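Spelled out from the first residue to the last, the chains are:
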Amino acid sequence: MKRLVIYLMFTGILSAQTFTVEKVSGDVKYQNGSSENWLSLNSGSTIEDDAIISTGDNSSVVLGGSNVRFNLNESSAISVSSIKKMNTDELLLALAMEDMMNAPKEIKNSSSNTAVYGTKEGESNTLQIKTDDFGIKRLNGAVQLAKNGFQESAVVTAKETYRKYPDTKNLPSYRIYFANILNDKGLYEEALDEYVDIQKLKLTDEERAEVNEKTESIKMKLLSE
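Residues numbered from 1 in each chain as written. Predicted model: local features only at pLDDT ≥ 70, side-chain atom pairs only at ≥ 80, totals over all residues. Heavy atoms only, no water.

**Comments concerning the sheet that holds strand 3 (residues 39-40)**
Strands pair in a sheet through their backbones, by hydrogen bonds, and they do so in one of two ways: parallel or antiparallel. The strand order across the open sheet built from four strands is 3-2-5-8, with neighbouring strands paired in antiparallel fashion. Here the strands that pair on one side only, and so sit at the sheet edges, are strand 3 and strand 8 (77-79). Note that strand 2 (residues 28-31) and strand 3 share two bridges and pair antiparallel. Among the inter-strand pairings, Y30 is bridged to a residue of strand 3, identified as L39. Across the sheet, helix 3 (residues 134-147) touches strand 5 (52-55) and strand 8, and the angle it forms with strand 8 is around 70 degrees. (Pairing = 2+ DSSP bridges. Helix = DSSP H or I, 4+ residues; strand = E, 2+ residues; numbered from the N terminus. Contact = heavy atoms within 4.5 Å. Axes fitted to C-alpha atoms, helices over the stretch in contact; angles between N-to-C directions.)

**Observations regarding the nonpolar core**
Grouped together as the largest cluster of nonpolar side chains are 49 residues, with contacts concentrated most on I47, I53, I83 and F178. Residue contributions to this core peak at seven residues, all from helix 5 (residues 172-184). Contacts of I83, omitting those with residues within four sequence positions, involve Q17, F19, L63, V68, F70, I78, L145 and F150. (Core = buried A, V, L, I, M, F, W, Y, C linked by side-chain atoms within 4.5 Å. Buried < 20%, exposed > 50% of the residue type's maximum accessible area, 1.4 Å probe, protein only.)

**Side note on the packing of aromatic side chains**
Within this structure, the stated rule accounts for four aromatic pairs. On the basis of an interplanar angle of 65 degrees and a centroid distance of 5.9 Å, the ring pair of W38 and F134 is categorised as edge-to-face. With W38 in the loop between strand 2 and strand 3 and F134 in helix 3, this pair connects stretches of sequence that are 96 residues apart. Residue class for W38 comes out partly exposed when judged on its relative accessible area of 34%. Overall, the relative accessible area of 21% leaves F134 in the partly exposed class. Looking at K85, its charged tip hangs above the ring of F150, at a distance of 5.1 Å from the centre. Above the ring of Y162, the side-chain terminus of R175 is found at 5.1 Å from the ring centroid. (Phe/Tyr/Trp six-rings, centres within 6.5 Å; stacked < 30°, edge-to-face > 60°. Lys NZ or Arg CZ within 6 Å of the ring centre and 35° of its normal.)

**So, the side chain of Q144**
Summarising the element assignment, Q144 is placed in helix 3. With relative accessibility at 3%, the residue Q144 sits in the buried group. A distance of 2.6 Å separates polar atoms of two side chains, one belonging to Q144 and the other to S76. (Polar contact = N/O pair within 3.5 Å; in protein donor to acceptor, adjacent residues only side chain to side chain.)

In structure tokens form, the structure reads like this:
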């Protein structure tokens, strides 16, 4: 585990970069490093790798870096360090690290986290959910990472969000979205683990049909290997 931690830290150092704020629309704020203060973000500013950006309703920000341009839309939040390309090996290492951090150390009450939280009626298939929940804003940011070509980093961001904001694990539309990325990239074992876990959630008929189909498809592929 120590070697894995050192490798990931080293990889993060190599990929660190500074971004320029090219355009701001509406209410956009950021936190620097370990600061708890949220400050307004303005066009022309530079922002470091350790910052977190959050957008309000009807707000957005465009960031430009070295060979990177990223647009964060409304009701979203993202760690600037997540705006980076990752290869498959780096993704697998990051997922392994998340699994280690999620490993239960002590079970105090097995029934303490069994409640299932669904999305609002009519929103079960909607990825952009209007809410003040910062965990969901982080998932919105992860979706935008994927749509901007940072799929591997999007999956890692989503997994990190599930760990830090446990209730977000109970939102099927997001879980399916990121599991599909793993499946599309041929990471079948990792995708299968996600789909099996998603099957335990409160799903719509359409969601359950999709998850069941993907689950059976992956099982057949793994059996044929």
